[in-house]
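Observations on the three-dimensional arrangement
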Amino acid sequence: MSRTYLVATRNAHKLQEIQDLLAGLAIEVLSLTDAGIQRHADEESIEVFDSFEGNALAKAHYYRGRSDLPTIADDSGLCVDALDGAPGIHSRRFAPQEFKGDLDEDEANNRWLLDRLAGVPDARRGAHYRCALALAEEARTLLVNGTVHGRIATGPRGHNGFGYDPLFVVAGGDSTFGQLPPEVKAARSHRADAVRRLRPWLA
């Protein structure tokens, strides 16, 4: 009999990536919607830690408590060398509210990042994506990390992916995650790296 796991995210793109990366295991993967877990105001106060690991663990324990299901949660973001690791854990809310205007969140964050890097040469535009992935079960808690290195382009390229993907040029090539087919990104991303480390425990 397969085991059921909850993936604790309300980001549809992230949910799809994790579900695809877990394909082939003898498990059932539920979303928060599948599990009937309605959005609650206190969800906004979960991610209060100063590390990806702390936030991932907090989310995993919070949603396991609401669902009574073993729960997988991640916290991930972009770390840019020239910005001393920013936006880091603030990747989702990087652009100031007054800057956003009518822009959606991803576009505002991308434009704000490019503004912060205006005039910075390619040699100093190094960056990496990080993903902390936590699994909270009744008798154990696991934590794994994934990383992918690259640099920030001088303008967006491609329409695939989400977040900062149109700006992130993967190390060893000249394509952004936004230009790569989803299956190629899935094989090389920080989230894929983390899920690969988690799969043996789920298997």
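Here goes a summary of the coordinates provided.

Conventions and cut-offs
- Residues numbered from 1 in each chain as written.
- Predicted model: local features only at pLDDT ≥ 70, side-chain atom pairs only at ≥ 80, totals over all residues.
- Heavy atoms only, no water.
- Pairing = 2+ DSSP bridges.
- Helix = DSSP H or I, 4+ residues; strand = E, 2+ residues; numbered from the N terminus.
- Right-handed = clockwise from strand over helix to strand, strands pointing away.
- Phe/Tyr/Trp six-rings, centres within 6.5 Å; stacked < 30°, edge-to-face > 60°.
- Buried < 20%, exposed > 50% of the residue type's maximum accessible area, 1.4 Å probe, protein only.
- Lys NZ or Arg CZ within 6 Å of the ring centre and 35° of its normal.
- 1 Å grid on protein atoms, 1.4 Å probe; cavity = no way out; pocket = protein on both sides within 12 Å on 5 of 7 lines; lining within 4 Å.
- Points joined across faces, edges and corners; volume = space filled by probe spheres on them.
- Nonpolar A, V, L, I, M, F, W, Y, C, P; charged D, E, K, R; others polar.
- Core = buried A, V, L, I, M, F, W, Y, C linked by side-chain atoms within 4.5 Å.
- Contact = heavy atoms within 4.5 Å.
- Expected span 1.5 Å × (residues − 1).
- Polar contact = N/O pair within 3.5 Å; in protein donor to acceptor, adjacent residues only side chain to side chain.

1. With respect to the pairing of strand E2 (residues 27-30)
- Direction of pairing for strand E1 (residues 3-7) relative to E2: parallel, over a ladder of four bridges. Looking at the pairing, Leu6 lines up with Leu30 of E2.
- Running through helix H1 (residues 12-21), the crossover from E1 to the neighbouring parallel element E2 is right-handed.

2. Describing the packing of aromatic side chains
- Scanning all chains against the criterion turns up five aromatic pairs.
- For the ring pair Phe168 and Phe177, a centre distance of 5.4 Å and an interplane angle of 40 degrees mean the geometry is tilted.
- Look at Phe177 and you get buried, because its relative accessible area is 0%.
- Counting every residue linked through ring pairs, the aromatic cluster contains Tyr129, Phe168 and Phe177.
- Across the ring face of Trp112, the terminal group of Arg116 is positioned such that the distance to the ring centre comes to 3.7 Å.
- Across the ring face of Phe177, the terminal group of Lys185 is positioned such that the distance to the ring centre comes to 5.5 Å.

3. Some details on the layout of surface pockets
- Taken as a whole, the largest pocket spans an internal volume of roughly 940 Å³.
- In terms of lining residues, the largest pocket is bounded by 38 residues, among which Asn11, Lys14, Glu47, Lys59 and Arg92 are the most central.
- Secondary-structure elements contributing two or more residues to the lining of the largest pocket are H1, helix H2 (52-67), strand E3 (71-80), helix H4 (105-116) and helix H6 (190-202).
- A breakdown of the residues in the lining of the largest pocket according to their chemical character gives ten nonpolar, twelve polar and 16 charged.
- Lining the second largest pocket are 15 residues, with Glu107, Asn110, Pro156, Gly158 and Pro166 sitting closest to its centre.
- When grouped by side-chain class, the residues that make up the lining of the second largest pocket number four nonpolar, six polar and five charged.

4. Quick notes on the nonpolar core
- In this structure, Leu78, Val80, Leu113, Ile152 and Phe168 are the most contacted members of the largest nonpolar core, which totals 21 residues.
- Broken down by secondary-structure element, the contributors of at least two residues to this core are E3, H4, strand E4 (126-136), strand E5 (141-152) and strand E6 (168-170).
- Per element, the largest residue contribution to this core is four residues, and it comes from H4.
- Residues within four places of Phe168 in sequence aside, it is in contact with Leu78, Ala127, His128, Tyr129, Val148, His149, Gly150, Arg151, Ile152, Ser175, Thr176 and Phe177.
- With 20 residues, the next largest nonpolar core counts Ile18, Val29, Cys131 and Leu133 among its residues.

5. So, unusual backbone geometry
- Note the cis peptide between Ala86 and Pro87, where omega equals 0 degrees.
- Positive phi is not limited to glycine here, since Asp68 has a value of about 60 degrees.
- Mapped onto the elements, Asp68 comes out in the loop between H2 and E3.
- In this structure, Asp84 is a non-glycine residue whose phi angle is positive, near 55 degrees.
- Its location among the elements puts Asp84 in the loop between E3 and helix H3 (97-100).

6. So, H4
- The terminal C-alpha atoms of H4 lie 17 Å apart, and with twelve residues this matches the ideal 16 Å at 1.5 Å per residue to within 8%.
- The set of residues buried in H4 consists of Ala108, Asn109, Asn110, Trp112, Leu113 and Leu114.
- For H4, the capping residue at the N-terminal end is Asp104, with a side-chain oxygen 3.2 Å from the backbone nitrogen of Asp106.

7. Looking at the pairing of E5
- Where E4 meets E5, eleven bridges bridge the pair, whose relative direction is antiparallel. By the bridge assignment, Tyr129 is partnered in E5 with Val148.
- Linking E4 back to E5 in an antiparallel pair, the connection comprises four residues.

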